[in-house]
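Topology and contacts: notes
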Amino acid sequence: MAVYTDVAADELADFLSRYDIGDLLSYKGIAEGVENSNFLLHTSRGYFILTLYEKRVARDDLPFFLSLMTHLADSGINCPQPVADREGRTLATLAGRPAAIISFLDGVWPRKPSVVHCAGVGQALAKMHLAGRDFAMKRANALSVAGWRPLFAAAEARADEVQPGLRDFLAAELSYLESGVWPSDLPQGLIHADLFPDNVFFIGDEVSGIIDFTFACNDLLAYDVAICLNAWCFEADHAFNVTKARALLSAYTRERPLDAAEQAALPLLARGAALRFLLTRLVDWLNVPEGALVKPKDPMEYVRKLRFQQNVAGIRDYGVEIAGAVA
Ligand SMILES: Nc1ncnc2c1ncn2[C@@H]1O[C@H](COP(=O)(O)OP(=O)(O)O)[C@@H](O)[C@H]1O
Ligand SMILES: N[C@@H](CCOP(=O)(O)O)C(=O)O
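Procedures and definitions
Residues numbered from 1 in each chain as written. Chains lettered and ligands numbered in written order. Predicted model: local features only at pLDDT ≥ 70, side-chain atom pairs only at ≥ 80, totals over all residues. Heavy atoms only, no water. UniProt positions renumbered as here; feature names shortened; annotations may be inferred. Domains from an automatic or database assignment. Contact = heavy atoms within 4.5 Å. Buried area = accessible area lost by both parts, 1.4 Å probe. Salt bridge = Lys/Arg side-chain N within 4 Å of Asp/Glu carboxyl O. Polar contact = N/O pair within 3.5 Å; in protein donor to acceptor, adjacent residues only side chain to side chain. Nonpolar A, V, L, I, M, F, W, Y, C, P; charged D, E, K, R; others polar. Phe/Tyr/Trp six-rings, centres within 6.5 Å; stacked < 30°, edge-to-face > 60°. Helix = DSSP H or I, 4+ residues; strand = E, 2+ residues; numbered from the N terminus. Buried < 20%, exposed > 50% of the residue type's maximum accessible area, 1.4 Å probe, protein only.

Under UniProt, the name given to the chain is Homoserine kinase, and the source organism is Rhodopseudomonas palustris. In its Catalytic activity section, the UniProt entry covering the chain states "L-homoserine + ATP = O-phospho-L-homoserine + ADP + H(+)". Checking UniProt for the chain, the heading Pathway contains the comment "Amino-acid biosynthesis; L-threonine biosynthesis; L-threonine from L-aspartate: step 4/5."

Right under this line is the structure:
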């Protein structure tokens, strides 16, 4: 999270008077994250998270995100729950932004994910995919292949300020991924689409909860796995850690086996996943709003990940053997 939109104390007190969550004792902006404005509320009834939805979130999508959290929780996935006001509404407006209050989850996200954490997220991701099967609402992925060229267009003129040659590198990769290679016939379902370490809480070695569903959508399930491979299985020195990848994939496939087509497509999906986060990071890096409390994420990290994925020959490079179904 971040804070793009500040909220005055009297405005917040007025807003909270519509809810039954006790008296406000304190609140503070949360500097982590990059997408929305988030505040930690401390009231006489405990802690809550207040989110003001910003740039990439369409108001019309909010019922999908809020209903999804309720659905997943009902299916045994520990995730934040939307808090309704006294009239039963979970979606509101504050400081001119769509806003919601959600429950606070205990746990901490792993700053240096270990092999055990990677296994934990693999299992949690598969359980979330299974729990999403009977979620009735649908949302297309606005940041799949068709969504990448507008991001590229927004950043290409200044891409070489970040790294000489970056514009041409991005143009070539984008053209390749747009050339008809992207699969459409793999198993689809509800995906998180942003399951990075800062969105998975642990207590000890156990996953205690999953947060941040504002990119959740219907798309290829294996694409979600690819996003996680990129986000969890590289070291701080940018080396790919095959032991972590094996742990993540093995734990995932114990819950939901990957079919042969998904296994074969995984390196390509990981290229696409790397390009998607590279592009959003680049756009954000070049457009930090003045006065915003946000630390933009490094696009170059994803240039390195993309280069790695371009050279992956097959799923064996992720430490697992090809089989009818990886398990
Ligand atoms: N339900 C929650 N319980 C506890 N902490 C939360 C919760 N939601 C968000 N946070 C805190 O806010 C940070 C950023 O949240 P996130 O949803 O990733 O932001 P963004 O909306 O920008 O994607 C998290 O890393 C965590 O510290
Ligand atoms: N995970 C994305 C950024 C958006 O996620 P947030 O949960 O940190 O707001 C990235 O790393 O590029």
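Having seen the model, we can carry on.
Observations concerning the domain arrangement of the chain
The domains assigned to the chain are domain 1 (25-103) and domain 2 (115-318). For domain 1 and domain 2, the distance between their C-alpha centroids amounts to 24 Å. In this assembly, 23 residues from domain 1 lie in contact with 29 residues from domain 2. Interface of domain 1 and domain 2: buried area, both sides summed, is about 2100 Å²; carbon and sulfur atoms make up 71% of it. Seen at the junction of domain 1 and domain 2, the total is two salt bridges. Here domain 1 and domain 2 share six residue pairs in polar contact (both at pLDDT 80 or more) between them. Split by residue class, the side of domain 1 that touches domain 2 holds 13 nonpolar, six polar and four charged.

A short note on the packing of aromatic side chains
Applying the stated criterion to the full structure yields 15 aromatic pairs. Taking the centre distance of 5.4 Å and the plane angle of 90 degrees together, the rings of phenylalanine 234 and phenylalanine 308 count as edge-to-face. Of the two residues, phenylalanine 234 sits in the loop between α7 (221-232) and α8 (242-255) while phenylalanine 308 sits in helix α10 (residues 299-310), which places them 74 residues apart along the sequence. The class for phenylalanine 234 is buried, based on a relative accessible area of 11%. On the basis of relative accessible area, phenylalanine 308 is assigned to the partly exposed category, the value being 26%.

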